[in-house]
Each structure stands twice: as structure tokens, then as C-alpha cells.
Amino acid sequence: MQITLVVPEIVWPEPDDRETLAGLAVPGLATLLARSRMHRGPPQSLEATVGDAFALGENAAYAACRVHGEERGPAVGSAAWLCADPVHLRLHQERLILADAATLEIDVNEAQAIVEALNRHFPDAGRFHLASSDRWYLELATGRELGRFEVLPLSAVAGRSVVRQLPETAEARWLRRLLNEAQMVLHEHPVNQQRDDAGRATINSLWLWGAGRLPTASEGLFTDVWSDLALARGCGRAAGSRLRSLPDGAPALLAQATRGGQHLVVLDGLQSCVQYEDGAAYRAALLALEGRWFAPLQQALASGRIRRLRLQAPTAYGMLSWESDARAQWRLWHRPQTLAAIARDLAATNR
């Protein structure tokens, strides 16, 4: 059995934050990292990391892949798609800060009402679809093309300042007009008026990203994909992988998995903690991952039950990858470091 484990933001991005990092004991993870070969590349998003795992290449059509992975979403077909995710933009010290739907607590009825209003207002653009209260899509009308479409995935801008939302290309001119009008529709919608009256953040914009048609994913890369992330499931479905719900931890995965095979596991619980600078939530989530995943996987690798494990972590320090096998895990002279020490080392070589 070989496992590729994708864990975004595994290392806290502020190495001098003692409140978050001091005394954070994760011996399973620390041992695994100390006895692995590390590679460091340029920073990239979780979406790009998943796309790379399936050899999709640069600027992959993440929207179509994500639609393909939805359990209750529309059929992807041959159409061109955009993620049209609901967000809240607020002005803070002359900067626009984006909050994604994870912070907005959008009710599914609220989402449905807004999506229906957008479809009434933009009949010629295509059709807006609702897969869940926080994942919306725009299926482009036949003949609508966007050319080269370089927009950061939502995960790369959530909790951060944004300068522009859409590319300044001729092909995207109509979409920029649509977004401006959509913001007016959102501002006037009764759902937002009710949210504002109740003191809740409004849904005042959409993040349009991931444009394109469903690509052909390379087959045979993974026999199984263990993830609840729609994008990973969609890529796996396109590649012919067996789709599995994410279990409670590594012991459950090892009990369910067929012997052998290539397994992709995506654990994205740390990402929102880092996006919104919540150190306490990061500590709690990391300790939970240590008990359920990192320590059992390190033990299974050392015992030979797992032949090879690759850990991929898109972080503020760059794209970090560690690869190890059973023999490497018995190099006892490779002493584990604390996560605080790892963060300081990464920061020191990032200057």
C-alpha cells in the first residue's frame, strides 16, 4: 500500500507565535517528518496540489472538476463552468478583506433564494447552480468563452485582502459586467436585508474562479481517493479511482482499504484555522490529526504495513513534500524536531 497524504497548512505560518506553537507535542508527525526526505517548492494552493496529483497541469478547470465530485450537484457534461462561491467583502484599513462562506453560516434556503434571483437576472449568461449552501456554480451558456482565466482559488484568498476579482482580458469583459450587476442584485436582495437587520454579515459578492471544461485526468494514478472534498472526489471520478468517504482516522482507513494500491487522502481541517489566524483552533485540529492520523500512519509505515508514504503540504513557506518508507522510519539517529523549530527553520531559509 502506498499513501499520498495532502494536509494544507500543516506548519503554522508565524514561527514566533509562542501562544500557538509552545508545547505543541505531536510526536507521531515529528518522527514521520524527521525520517523523511523533504522537498520544498514554490507556494501553491490546495486546489493546485490536488490537480497536480492527477497531472492536470497549470490553471486546471477546478470548477468542472468540483462539479463532477458533488454528490447532489448538476451533471457536468461538456459545458464550461465557473465556481461562483458566495463571499463577503469588507473594507478594512483601505483594503478589501474577503470572508468565505465558512464564516457566513448561510442557510440553504437563503442560498436557494439568491441563486434563483441570479438566474432571473442573468438569463443569457448561463445558469447558476446550487450544490450546497456554500458551493455555487455558473454553467456558462453555449458560445461563452473566457480564454486564459487566471484567478486564484477561493482557498488562496479567504481571510486575506484582495486587489481584483477578475482578469483584465477582453474575453472576461462581459463577466466583469456580470459581477458588478450581481453585486447590485445581492445588495438589494431580501435575504441580505434580513441578514443586515439581524446584524449578520451579508453575502455581497461572488468569487468567480476555476473556469473551464472537465479535463481528462490521467488514469491509474490512484486506486482509491479518500476525501469529502468535492474537488478531490471529482478528479478521482474523472481518473477512474474508487471514491471513499473520509474515515475517522488512519486505523479505520487501513481496516477498510484493500491490500496494496495507491491511496490519496485529503485532510483539509487546518486550512481555515490558518486562513482566519485562529491559533487555538489550529492547535486543537492538529492534536486531533496527530491522534487519528499522524501517529497511526507513522507506526503503520515503520511496521511495513504501508510501503511508502508521501505527505504534501501547501503552506505559507512553500509547497512542502516529505516522502518516506519503512526503512527510513527506523533511522533512529534522525531526531524529531518540534513544530516550532521546523517553522523557524523554514522561515529562516525563506528570506
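Use the structure listed above.
Worth saying up front: this structure is predicted, and the values here are computed from it rather than measured. (Residues numbered from 1 in each chain as written. Predicted model: local features only at pLDDT ≥ 70, side-chain atom pairs only at ≥ 80, totals over all residues. Heavy atoms only, no water.)

## Comments concerning the pairing of strand β4 (residues 95–100)
Remember that side chains alternate between the two faces of the sheet whenever the strand is regular.
Here's step 1: In terms of strand pairing, strand β3 (residues 81–92) meets β4 through six bridges, oriented antiparallel. Within the sheet, the bridge partner assigned to His 88 lies in β4 and is Ala 99.
Here's step 2: Connecting the antiparallel pair β3 and β4 is a turn made up of two residues, with Gln 93 showing a positive phi of about 50 degrees.
Here's step 3: One ladder, built from two bridges, connects β4 with strand β7 (residues 161–162); its direction is antiparallel. What sits directly across from Ile 97, in β7, is Ser 161. (Pairing = 2+ DSSP bridges. Helix = DSSP H or I, 4+ residues; strand = E, 2+ residues; numbered from the N terminus.)

## Description of the packing of helix α2 (residues 27–34) against helix α12 (residues 279–302)
Here's step 1: Two elements in contact, α2 and α12, have axes whose closest approach is 7 Å; the angle formed by their N-to-C orientations is 45 degrees. Taken together, the axes of α2 and α12 lie oblique to each other. The interaxial crossing formed by α2 with α12 has left-handed handedness. The residues of α12 that touch α2, namely those facing Pro 27, Gly 28, Leu 29, Thr 31 and Leu 32, are Leu 286, Glu 290, Phe 294, Ala 295, Gln 298 and Leu 301.
Here's step 2: Taken together, the residues of the contact of α2 with α12 sort by class into seven nonpolar, three polar and one charged. (Axes fitted to C-alpha atoms, helices over the stretch in contact; angles between N-to-C directions. Parallel < 35°, antiparallel > 145°, perpendicular 65-115°, else oblique. Left-handed = near helix turned anticlockwise from the far one by under 90°. Contact = heavy atoms within 4.5 Å. Nonpolar A, V, L, I, M, F, W, Y, C, P; charged D, E, K, R; others polar.)

## Here's the deal with the environment of Pro 296
Here's step 1: Counting through the fold element by element, Pro 296 comes out in helix α12.
Here's step 2: In the structure, Pro 296 is positioned 45 residues away from Pro 251 in sequence and 6.7 Å away in space, judged by C-alpha atoms.
Here's step 3: When near neighbours in sequence (up to four residues on either side) are disregarded, Pro 296 contacts Ala 250, Pro 251, Glu 290 and Gly 291.

## Let's talk about the pattern of salt bridges
Here's step 1: In total, this model carries 13 salt bridges according to the counting rule given.
Here's step 2: A salt bridge links Arg 233 to Glu 71; the nearest nitrogen and oxygen atoms lie 3.2 Å apart. Here the residue Arg 233 occupies a position in helix α9 (residues 230–239), and Glu 71 occupies one in the loop between α4 (62–68) and β3, the gap between them amounting to 162 residues.
Here's step 3: Residue class for Arg 233 comes out buried when judged on its relative accessible area of 10%.
Here's step 4: We classify Glu 71 as exposed; its relative accessible area is 52%.
Here's step 5: The residue Arg 148 makes a salt bridge to Glu 150 at a minimum N-O spacing of 2.5 Å. (Salt bridge = Lys/Arg side-chain N within 4 Å of Asp/Glu carboxyl O. Buried < 20%, exposed > 50% of the residue type's maximum accessible area, 1.4 Å probe, protein only.)

## Some remarks on the layout of surface pockets
Here's step 1: The computed volume of the largest pocket comes to approximately 840 Å³.
Here's step 2: Lining of the largest pocket is provided by 33 residues; of these, Leu 46, Asp 134, Leu 229, Asp 268 and Gln 271 occupy positions nearest its centre.
Here's step 3: Those elements that place two or more of their residues in the lining of the largest pocket are α3 (46–53), α6 (154–157), α9, α11 (271–275) and α12.
Here's step 4: Sorting elements by how many residues they give to the lining of the largest pocket places α12 first, with five residues.
Here's step 5: A class-by-class count of the residues in the lining of the largest pocket yields 17 nonpolar, six polar and 10 charged.
Here's step 6: Its volume calculated, the second largest pocket comes out at about 530 Å³.
Here's step 7: Around the second largest pocket, the lining comprises 26 residues; the ones closest to its centre are Asn 59, Glu 150, Val 151, Leu 152 and Pro 153.
Here's step 8: Those elements that place two or more of their residues in the lining of the second largest pocket are α3, α6, β7 and β8 (205–212). (1 Å grid on protein atoms, 1.4 Å probe; cavity = no way out; pocket = protein on both sides within 12 Å on 5 of 7 lines; lining within 4 Å. Points joined across faces, edges and corners; volume = space filled by probe spheres on them.)

## Section: the sheet that holds strand β10 (residues 242–244)
Here's step 1: Taken in spatial order, the seven strands of this open sheet run β2-β13-β12-β1-β11-β9-β10, and their pairing is mixed. Unpaired on one side and paired on the other, β2 (37–41) and β10 mark the two borders of the sheet. On average, adjacent strands in this sheet sit at an angle of 15 degrees to one another, irrespective of strand direction.
Here's step 2: Alignment of β2 against strand β13 (residues 318–325), held across five bridges, turns out to be antiparallel. Pairing of His 39 across the sheet is with Ser 321, part of β13.
Here's step 3: Sheet strands in contact with α9 are β9 (224–226), β10 and β11 (262–266), and its direction is about 160 degrees off that of β10.

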